[in-house]
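A look at the structure
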Amino acid sequence: MIRVVARRLAWTALVAWFVVTATFALLAAIPDDPMRALLGPHASEQSIAAARAHYCLDDGVVARYGCFVGDALRGDLGESYRSKRAVTDVLADRWWPTAQLAFAALALQLAIGVPLGVIAARRRGRWPDRAITIGALIAASAPAFVVGSLLLDVVAFRTGWLPLGGYGDAGVLDRLRHLALPALTLAAGGAAAYARLARAEVAAALASDHVRTARAKGAGERAVVLHHALRPGAAPLIALAGVDLGALLGGAILVEWIFQWPGLGRELLLAVLDVDLPVIIGIVLVSAIAIALANLVADVVAAWLDPRLR
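Parameters and conventions
- Residues numbered from 1 in each chain as written.
- Predicted model: local features only at pLDDT ≥ 70, side-chain atom pairs only at ≥ 80, totals over all residues.
- Heavy atoms only, no water.
- Helix = DSSP H or I, 4+ residues; strand = E, 2+ residues; numbered from the N terminus.
- Buried < 20%, exposed > 50% of the residue type's maximum accessible area, 1.4 Å probe, protein only.
- Contact = heavy atoms within 4.5 Å.
- Areas by Shrake-Rupley, 256 points an atom, 1.4 Å probe, with all protein chains shown as cover.
- Axes fitted to C-alpha atoms, helices over the stretch in contact; angles between N-to-C directions.
- Left-handed = near helix turned anticlockwise from the far one by under 90°.
- Nonpolar A, V, L, I, M, F, W, Y, C, P; charged D, E, K, R; others polar.
- Salt bridge = Lys/Arg side-chain N within 4 Å of Asp/Glu carboxyl O.
- Core = buried A, V, L, I, M, F, W, Y, C linked by side-chain atoms within 4.5 Å.
- Lys, Arg positive; Asp, Glu negative; His and termini not counted.
- Polar contact = N/O pair within 3.5 Å; in protein donor to acceptor, adjacent residues only side chain to side chain.
- pLDDT = per-residue confidence, 0-100.
- Phe/Tyr/Trp six-rings, centres within 6.5 Å; stacked < 30°, edge-to-face > 60°.
- Lys NZ or Arg CZ within 6 Å of the ring centre and 35° of its normal.

With respect to the overall build of the protein chain
Within the protein chain one finds 14 helices and zero strands. Counting helices and strands in the order they occur from the N terminus, the protein chain gives α-α-α-α-α-α-α-α-α-α-α-α-α-α. Looking at the 310 residues of the protein chain, the share that counts as buried comes to 42%. A separation of at least 24 residues holds for 70% of the contacts in the protein chain among residues at least 6 apart in sequence. Carbon and sulfur atoms provide 68% of the accessible area of the protein chain, an area that totals close to 16,600 Å².

Structural notes on the packing of helix H5 (residues 87-122) against helix H8 (residues 172-206)
At a closest axis distance of 4 Å, the pairing of H5 and H8 adopts a crossing angle of 35 degrees. Both H5 and H8 take part in a crossing whose hand is right-handed. Across the contact of H5 with H8, the residue classes break down as 25 nonpolar, five polar and three charged.

Observations regarding the pattern of salt bridges
By the definition in use, this model includes five salt bridges. Glu-267 is paired through a salt bridge with Arg-94; the nearest N and O atoms lie 3.2 Å apart. Of this pair, Glu-267 sits in helix H13 (residues 264-273) while Arg-94 sits in helix H5, placing them 173 residues apart in sequence. Given a relative accessible area of 7%, Glu-267 falls into the buried group. The class of Arg-94 is partly exposed, set by a relative accessible area of 25%.

A word on the nonpolar core
Buried together is how nonpolar side chains tend to be arranged in soluble globular proteins. In terms of nonpolar packing, the biggest core is built from 41 residues, with Leu-181, Leu-186 and Val-202 touching the most fellow members. Mapped by element, the contributors of at least two residues to this core are H5, helix H7 (144-158), H8, helix H10 (221-230), helix H11 (234-249) and helix H14 (277-305). In terms of residue count, the dominant contributor to this core is H8 (10 residues). Not counting the four nearest positions on each side in its chain, Val-202 is found in contact with Val-118, Ala-121, Ala-229 and Leu-230.

A few points about the side chain of Glu-256
For Glu-256, the location among the structural elements is in helix H12 (residues 253-258). The buried charged residue Glu-256 lacks any salt bridge, with Arg-266 as its nearest oppositely charged partner at 7.3 Å. Polar contacts involving the side chain of Glu-256 include one to the side chain of Thr-98, which spans 3.1 Å. Filtering out sequence-adjacent residues up to four positions away, Glu-256 remains in contact with Thr-98, Leu-101, Gly-251, Trp-261, Gly-263, Leu-264, Gly-265 and Arg-266.

Comments concerning the confidence of the model for the protein chain
In this model, the protein chain carries a mean pLDDT of 80, and residues with pLDDT of at least 70 account for 88%. The lowest-confidence element of the protein chain is helix H2 (residues 34-39), averaging 66 in pLDDT; the highest-confidence one is H5, averaging 89.

Section: the packing of aromatic side chains
Counted according to the given criterion, the structure contains two aromatic pairs. Ring centres 5.6 Å apart and planes at 65 degrees place the aromatic pair Trp-95 and Trp-96 in the edge-to-face group. Each ring, one from Tyr-167 and one from Trp-261, has its centre 4.9 Å from the other, and the planes form 70 degrees; the classification is edge-to-face. Here Tyr-167 is found in the loop between H7 and H8, whereas its partner Trp-261 is found in the loop between H12 and H13, with 94 residues between them in sequence. Just as Tyr-167 is buried, Trp-261 falls in that class too. The ring centre of Tyr-167 lies 3.7 Å from the NZ or CZ of Arg-175, which sits over that ring.

Here's the deal with unusual backbone geometry
A positive phi angle, close to 60 degrees, is found at Lys-84, a residue other than glycine. With respect to the element layout, Lys-84 can be found in the loop between helix H4 (61-73) and H5. Residue Gln-260 is not a glycine yet carries a positive backbone phi of 55 degrees. Position of Gln-260 among the secondary structure elements: in the loop between H12 and H13.

Following this line, the structure appears as structure tokens:
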């Protein structure tokens, strides 16, 4: 297992390098000049040239990439064009709100989707199965910005039960009130995916020989479902959770923008609008590492639950 983890960590570093390099190449192909966007249309050519030299943009693409790689190896991801802050400081401020939103959304997805999938599998072909399947299809088809806008209008604006947006103060209860709507918006489509996957895995397990043997030996229905059906089918659910967690840690751009949540996704959108190349590359790097590490953790947990994977 240690060798597997070490090999996956090496692949994580390789994937992060490839993603950042590809992002750098795409950004280098953008015809827009970030220094003109930074200094404004009335800036002189001398000030623009000085800004390009300061940010290592006055040479060719290869030289700019060399500057970026050299600084990144020293732990320096550059300086934001927009805020004049170090990119590492920007990422340090934004990763924790995104982590809170990601883990809350994933917890809601699992808490809602897996039980519904188990119920649908146990009532396969009956009205609970049909109702859950139709509801999951509707939830999976609804875009996040539509779900978020509806929740804002109904739950926050019309009733005033929850805040319209923002991060809230340092209090736990107030933070949870601000976190509820964006987390529920992200969880809607994900819960539908977990419900459908759990239904398929549990239904297949309930029809298998080992489950019939367990029932013949007098095992209770709860033990049959939890230990003999759900646990063997947990590996696909954990793999999906790893992918979802990595994507959520990378930043949910639309949801964070709708609810004014100060995370990586909102910061990335602002950086794209301002052509803030160092911040864009820094967030892409963090996202790539988060996705790779989340998948690594999911693989380790799946192997721990299922000895066949070891």
